[in-house]
Protein chains: 2
Amino acid sequence: MVHDTPSTPDFFARHRELLDRAVAGTANREYWSPYPESPSNSVYGGEAPKQGETTLREQLGKAFVLEGHPHSGTVNPGEVSPYGLALDVDYPRLTPDEAIAATTAGIGPWRAAGPDTRAGVAAEILARINAASFEIAHAVQHTTGQAFVMAFQAGGPHAQERGLEAVAYAWAEQKRHPAAARWSKPQRKGEPLALDKKFTPVGRGPALLIACNTFPTWNGYPGLFASLVTGNPVIVKPHPGAVLPLAISVRIAREVLTEAGFDPNLVLLVAEGPEDRIASVLAVRPEVRIIDFTGSTEFGDWLEDNARQAVVYTEKAGLNTVVLDSTDDYQGLLRNLAFSLSLYSGQMCTTPQNLLIPRDGFTTDQGVRSAAEFAGDLGGALDKLLGDPARAAATLGVIVNEGVHERLAQAAKVGRTVRRSTSIEDPDHPEAAVRTPLVALLDAEADDQTYTREWFGPVSFVIGTDSTAHSLRIFRDTVREHGALTAAVHSTSEDVLAEAELAALEAGVHLSENLTGGVFVNQSAAFSDFHGSAANPAASATLSDPAFVTGRFATLQSRRPARRPEVGDV
Amino acid sequence: MVHDTPSTPDFFARHRELLDRAVAGTANREYWSPYPESPSNSVYGGEAPKQGETTLREQLGKAFVLEGHPHSGTVNPGEVSPYGLALDVDYPRLTPDEAIAATTAGIGPWRAAGPDTRAGVAAEILARINAASFEIAHAVQHTTGQAFVMAFQAGGPHAQERGLEAVAYAWAEQKRHPAAARWSKPQRKGEPLALDKKFTPVGRGPALLIACNTFPTWNGYPGLFASLVTGNPVIVKPHPGAVLPLAISVRIAREVLTEAGFDPNLVLLVAEGPEDRIASVLAVRPEVRIIDFTGSTEFGDWLEDNARQAVVYTEKAGLNTVVLDSTDDYQGLLRNLAFSLSLYSGQMCTTPQNLLIPRDGFTTDQGVRSAAEFAGDLGGALDKLLGDPARAAATLGVIVNEGVHERLAQAAKVGRTVRRSTSIEDPDHPEAAVRTPLVALLDAEADDQTYTREWFGPVSFVIGTDSTAHSLRIFRDTVREHGALTAAVHSTSEDVLAEAELAALEAGVHLSENLTGGVFVNQSAAFSDFHGSAANPAASATLSDPAFVTGRFATLQSRRPARRPEVGDV
């Protein structure tokens, strides 16, 4: 096979130890971080930060070079940084037919290479993506509006870890069964019946990755690597507003595939403009057998309903919920929650929206605080956190697109606004639209039409309920019906925590309890925290677990009579 | 928890060794058979055969007793043995609402019990089903028309092994992640961030098992046990013609659940008459979250299209194919193939239908045999195999229903009939409709409309092609498009075998090579052979593999700040 010739590097041998460690990490769920999250010179080299920025600057207004990539002409999706920079990059334009034809050509050798070789190639791609973390961080910042450090961490090492996690699951899952086995069944008389059997993991077929605007790499890598390692080519279809981070990733993947002796078209970039609808065309092509999607509930539901020939892994919208029962660290709770609401202006699919609290108040170490008082205190905590414009901008980042602005304007009209969304000037980016979170006070009974839909962006509701039991009931029922990616509870009572855990199991959502320190409900760590669950309507996939990979391949078997050892055989 | 009280038996401890051995068996794919397949007195006790028959006889014309089973009235589906015996058994009748209400009531404690306890309960159910193998064998014989030994083996121990295999996958899959983990992330300054995390497997929700007429237990147990062990209640909806074998199984499951302290309604029987359509009503109920189905492509496709709230595992129809290139054991080939076509009158979902052979012939150790000559030789091998009526009846069993008779009549009109289907009198069952296989000669080009649909029953086509390459192309293309559960090739050339293996991988079907002895293409062994693949249209599931279980549960997580060890803590 191609990859065994002496001139091609053995990426599997190079990364074997990492892969074994990664598989162990998926199993023990303890802390493990293979890619350093600190954007410091000592880790990534003194030149990396400047080189990353220079590379971005040099790309502006030019064609993005993808060696040997099929195309008919180019497309400029009109990427403009929320920080004000026009990216103005041209990418190859492909018709769906061209993409399908190119992506299927290399399947045979990729299947024949086997899981070890594929996992080695994937690990090498991730190693080179890691080395390009600064370049990717700038691209993420200037497409998503994340502040730089977050763009580096979430778009770089943390995304790479989610990618490696998917590699580990995909690799291990294909090794659950042996490549060969001898079956020997004793007979009452005579020799046993004996068969030699082969077992071959075979990819389901071409995969389509439909990525999102806010976390193109973090949400994109798991599907990309899960499909690739299980033997499938991948068509990467970025959001028109965030093409560059994935274009860089695709370029690196193609380089490694080429070096390893495989067809680089196993990973394709299909960029499109905002008015194109190529995702919905590709998604229903019979050749496309796997789809990974992050984005709106509307399009996710459409994919699930219409792309019937494919397995469809979606992450959609939900009602992330916090149940407030009691706390012995009120200031810690407020600080922690204020940061969760502020990080990237609440534009994370994991940002809490619905804060359920008894109308008459909950018990804290600073006395009972009513729902209205809590809303005011939360507003105060936000003011304090975001008081310094430079530090505030580094937390908030920028509003990613017009849709979020419109939602913010609508949110100012619902319930009672306790804290308005304000503008902050980012000293380094005077044109950037920096907005602080809005907090409104709602009533559980009167305002259920408002809080049972997702308000993606810096919008949160303090919702007054009859009691904690009522809060838990609303939590369970609304998440069961509308979904959620995260949930949290604050209580000093083990009984209430147990009830909240039960409600979360019944709602099908992961739960964070009493976070008052340096861990936030909207953050999840690869190799320890599951992101999303297929157990509620917000997602049909978990990043990552065995179910995320088992549908991407089949283990096919052949068997033949075992050759009997003959006299003289050694 | 209920199952931990001293008075309830610890089924997990009792079966722990078996379960560990079963998990090892799924992983190594070597020969392993936990339930003896021989219906001999020495294995199952001298009384078992007579007791099994007596139990069946005593059941005839009576109500089937299911202790504590919900019902509103009874239903008599009108089961009549293909061997002539009227079963005339009444079963509880349930409305869909009653079934849903009853099945959901016990979910909480079943979830809380955890995977070990659930696997232990399942293993105990299987142990008692194994002890009832003779009773079940008679019930299988007199609903499916399988001859007794086959009814015993395929309906008894082999089905039980497929059930245990599913238990093993379901149990192991839920143990991939720990129940708890400590996550501790070093900080540049000060104490690490530390969280304690819990991971809980949670069932997707109520499962519906829609079983078939021909293999109610063999095709039914895997879904039943996979769903149950992953924490889900199961509604068992048998085919109206084959209720009794599953009713016995449900009774045993309920007894064990009760003894273990769980709600017996976690396993329900929903019997119906031939005109009822309760499966299609239940299948689209929002509460039903898992469906296992074996049967027609038409209803399987309908389920996949309409039961969108559920994960749907189907096994449907296909074009089981044999490619004949060459052989060095022509007589062995003919004997082996004749038996495969005759076993249970070709009414196995795995029976070969399309036999592809170069028109001008293939090379054998007895000279070149043209397609027409081969068809004649195969007819002769069938005549020889089925020459003795008593032995023939023990192989053929009985035609299961009118549909197969009609198909046989149609098949007599297509192509050139080389061997007619004949009637044989079963000396022990003079009323039984015993029919021998029909063999017709077709042409690959002229008759493609005929051989590209499934002719379920004793109908096979010898199809003349241009060459082996042409045969392989037809094999790959027809199976990709129409599906298959089995495929076989005969060749003395390693190159051709390699090409056939490649074609099978591309078609997505398992392949048997050069079977001329005591192993048959239509038989698959649990813990070694996969049955079906989700890689072609004949099935969306494999019995069993990890993909068969991962969709039935989610692993949900909770996390909280780790309690810091205090001075004085031990």
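Calculation criteria
- Residues numbered from 1 in each chain as written.
- Chains lettered and ligands numbered in written order.
- Predicted model: local features only at pLDDT ≥ 70, side-chain atom pairs only at ≥ 80, totals over all residues.
- Heavy atoms only, no water.
- Helix = DSSP H or I, 4+ residues; strand = E, 2+ residues; numbered from the N terminus.
- Rg over C-alpha atoms; globule rule 2.2 N^0.38 Å.
- Buried < 20%, exposed > 50% of the residue type's maximum accessible area, 1.4 Å probe, protein only.
- Contact = heavy atoms within 4.5 Å.
- Areas by Shrake-Rupley, 256 points an atom, 1.4 Å probe, with all protein chains shown as cover.
- Lys, Arg positive; Asp, Glu negative; His and termini not counted.
- Charge placed at Lys NZ, Arg CZ, Asp CG, Glu CD.
- Pairing = 2+ DSSP bridges.
- Axes fitted to C-alpha atoms, helices over the stretch in contact; angles between N-to-C directions.
- Phe/Tyr/Trp six-rings, centres within 6.5 Å; stacked < 30°, edge-to-face > 60°.
- Least-squares fit on C-alpha atoms with pLDDT ≥ 70 in both.
- Buried area = accessible area lost by both parts, 1.4 Å probe.
- Salt bridge = Lys/Arg side-chain N within 4 Å of Asp/Glu carboxyl O.
- Polar contact = N/O pair within 3.5 Å; in protein donor to acceptor, adjacent residues only side chain to side chain.
- Nonpolar A, V, L, I, M, F, W, Y, C, P; charged D, E, K, R; others polar.
- pLDDT = per-residue confidence, 0-100.
- Parallel < 35°, antiparallel > 145°, perpendicular 65-115°, else oblique.
- Disulfide = S-S within 2.5 Å.

Digging into the overall build of chain A
Then, number 1: Along the backbone of chain A there are 20 helices and 21 strands.
Then, number 2: For 570 residues, the compact-globule estimate of 2.2 N^0.38 gives 25 Å, and chain A sits close to it at 25 Å.
Then, number 3: Projected onto its principal axes, the C-alpha positions of chain A cover 90 × 65 × 45 Å.
Then, number 4: Taking all 570 residues of chain A together, 60% fall into the buried category.
Then, number 5: Considering only contacts within chain A whose residues lie at least 6 apart along the sequence, 74% involve residues at least 24 apart.
Then, number 6: Approximately 20200 Å² of chain A is accessible, and the part contributed by carbon and sulfur atoms is 50%.
Then, number 7: Averaged over its 49 positive side-chain charges, chain A has a centre that lies 9 Å from the centre of its 69 negative ones.

Points about the sheet that holds strand β9 (residues 311-315) of chain B
All names here are of chain B.
Then, number 1: Spatial ordering of the open sheet is given by β7-β6-β5-β8-β9, a layout of five strands whose pairing is parallel. Here the strands that pair on one side only, and so sit at the sheet edges, are β7 (267-269) and β9. Looking at each pair of strands side by side, their axes are set apart by 15 degrees on average, direction ignored.
Then, number 2: In the packing of helix α9 (residues 221-229) onto the sheet, contacts are made with β5 (207-210), β6 (234-237), β7 and β8 (290-294), and the angle to β6 comes to roughly 165 degrees.

Description of the packing of aromatic side chains
All names here are of chain A.
Then, number 1: Counting across every chain of the model gives 40 aromatic pairs over all chains.
Then, number 2: Seen in terms of ring centroids, F215 and Y344 are 5.7 Å apart; in terms of plane orientation they differ by 85 degrees. Their pairing is edge-to-face. Within this pair, whereas F215 is found in the loop between β5 (207-210) and α9 (221-229), its partner Y344 is found in the loop between α13 (330-342) and β11 (354-358), the two being separated by 129 residues in sequence. The pair F215 / Y344 is uniform in exposure class, with both members buried.
Then, number 3: Counting every residue linked through ring pairs, the aromatic cluster contains Y44, F134, F148 and F152.

Some remarks on the relation of the copies chain A and chain B
Then, number 1: You can overlay chain A on chain B at an RMSD of 0.0 Å; the transform is a turn of 180 degrees with a shift of 0.0 Å along its axis. Accordingly, the operation relating the two chain copies is best matched by a two-fold axis.
Then, number 2: By residue overlap, the copies meet face to face through one surface: 100% of the interface positions of chain A are interface positions in chain B.

Remarks on unusual backbone geometry
Then, number 1: Its identity is not glycine, yet S345 of chain A carries a phi of approximately 50 degrees, on the positive side.
Then, number 2: Relative to the elements of secondary structure, S345 of chain A occurs in the loop between α13 and β11.

Points about the sheet that holds strand β4 (residues 193-203) of chain B
Then, number 1: Strands sit in the order β14(A)-β17(A)-β18(A)-β11(A)-β10(A)-β19(A)-β20(A)-β21(B)-β4(B)-β3(B) across an open sheet of ten strands; the sheet is mixed. Here the strands that pair on one side only, and so sit at the sheet edges, are β14 (416-419) of chain A together with β3 (180-185) of chain B. Across the sheet, the mean angle from the axis of one strand to that of its neighbour is 25 degrees, orientation sign disregarded.
Then, number 2: Bridge count between β3 of chain B and β4 of chain B: six bridges; the pairing is antiparallel. Bridging across to β4 of chain B, R182 of chain B finds its partner in D196 of chain B.

Here's the deal with the interface of chain A and chain B
Then, number 1: Contact with chain A, which involves 70 residues of that partner, is made by 70 residues of chain B.
Then, number 2: Counting each side, the surface lost to burial between chain A and chain B is near 5700 Å², with a carbon and sulfur contribution of 52%.
Then, number 3: At the boundary of chain A and chain B, one finds 20 salt bridges.
Then, number 4: Between R560 of chain A and E501 of chain B there is a salt bridge; the shortest N-O distance is 3.6 Å.
Then, number 5: At the junction of chain A and chain B, the tally comes to 41 residue pairs in polar contact (both at pLDDT 80 or more).
Then, number 6: Each residue belonging to the side of chain A that touches chain B can be placed in one class, and the counts come to 30 nonpolar, 18 polar and 22 charged.
Then, number 7: Where strand β20 (residues 511-513) of chain A meets strand β21 (residues 553-561) of chain B, two bridges bridge the pair, whose relative direction is parallel. Each bridged residue has a counterpart across the sheet, and for S512 of chain A the counterpart in β21 of chain B is R559 of chain B.

A few points about the pattern of salt bridges
Then, number 1: Under the criterion given, the structure shown has 68 salt bridges over all chains.
Then, number 2: E124 of chain A serves as the salt-bridge partner of R128 of chain A, at 2.7 Å between the closest nitrogen and oxygen. Taken together, the residues R128 of chain A and E124 of chain A, both in helix α5 (residues 107-131) and four residues apart, mark about one turn of the helix.
Then, number 3: Owing to a relative accessible area of 5%, E124 of chain A belongs among the buried residues under this scheme.
Then, number 4: The salt bridge involving K198 of chain B is made with E501 of chain A; its shortest N-O contact spans 2.7 Å.

Section: helix α7 (residues 148-155) of chain B
Then, number 1: Residues of α7 of chain B that are buried include every one of M150, A151, F152, A154 and G155 of chain B, and no others.
Then, number 2: Where α7 of chain B is buried, its residues meet α2 (41-44), α6 (133-144) and α8 (157-174) of chain B.

Quick notes on the confidence of the model for chain A
Then, number 1: Mean pLDDT over chain A: 95, with 98% of residues reaching 70 or higher.
Then, number 2: Taken together, the stretch residues 566-570 of chain A has pLDDT below 50 and engages in one contact with residues farther than four places along the chain or on a different chain.

Considering the packing of helix α1 (residues 11-28) of chain A against helix α8 (residues 157-174) of chain A
Residues and elements named next belong to chain A.
Then, number 1: As a packed pair, α1 and α8 sit with axes 9 Å apart at the nearest point and diverge in direction by 90 degrees. By the angle between their directions, the pair α1 and α8 is classed as roughly perpendicular. Here F12, R16, L18, L19, D20, A22, V23 and T26 of α1 come into contact with α8, specifically with L164, E165, V167, A168, Y169, W171 and A172.
Then, number 2: Looking at the contact of α1 with α8 residue by residue, the classes come out as eleven nonpolar, one polar and three charged.

Re the side chain of S491 of chain B
Residue and element names in this part refer to chain B.
Then, number 1: The residue S491 is located in the loop between β19 (487-490) and α19 (494-507) in this model.
Then, number 2: Assessed through its relative accessible area of 2%, S491 is described here as buried.
Then, number 3: Engagement of the side chain of S491 in a polar contact is seen with the side chain of D325, the distance being 2.7 Å.
Then, number 4: If near-sequence neighbours (up to four positions away) are discounted, S491 is found in contact with D325, S326, V496, L497 and N514.

A word on the packing of helix α5 (residues 107-131) of chain B against α8 of chain B
Residue and element names in this part refer to chain B.
Then, number 1: The geometry of α5 relative to α8 is characterised by a closest axis approach of 10 Å and an angle of 175 degrees between their N-to-C directions. As far as their axial angle goes, α8 and α5 are roughly antiparallel. Two secondary-structure elements touch here, α5 through P115, D116, R118, A119, A122, L126, I129 and N130 and α8 through Q160, G163, L164, V167, W171 and Q174.
Then, number 2: Here the contact of α5 with α8 is built from residues that sort into eight nonpolar, four polar and two charged.

Structural notes on the side chain of T364 of chain B
All names here are of chain B.
Then, number 1: Position of T364 among the secondary structure elements: in strand β12 (residues 362-364).
Then, number 2: A distance of 2.8 Å separates a polar atom in the side chain of T364 from the backbone nitrogen of Q366.
Then, number 3: Of the polar contacts made by the side chain of T364, one reaches the backbone oxygen of G367; its length is 2.6 Å.
Then, number 4: The contacts of T364, once residues within four sequence positions are left out, are T327, Y330 and R369.

As for the state of the cysteines
Then, number 1: Applying the stated criterion across every chain, the model contains zero disulfides over all chains.
Then, number 2: Looking at the unpaired C349 of chain A, the closest cysteine sulfur is the one in C212 of chain A, lying at 7.4 Å.

Some details on the environment of T351 of chain A
Residues and elements named next belong to chain A.
Then, number 1: With respect to the helices, strands and loops of the structure, T351 is situated in the loop between α13 and β11.
Then, number 2: In this structure T351 comes out as buried when scored by relative accessible area, which is 7%.
Then, number 3: Here the alpha-carbon distance between T351 and L319, two residues 32 residues apart in the chain, equals 9.1 Å.
Then, number 4: With sequence-adjacent residues up to four places away left out, T351 is seen in contact with N320, S340, L341, G346 and N522.

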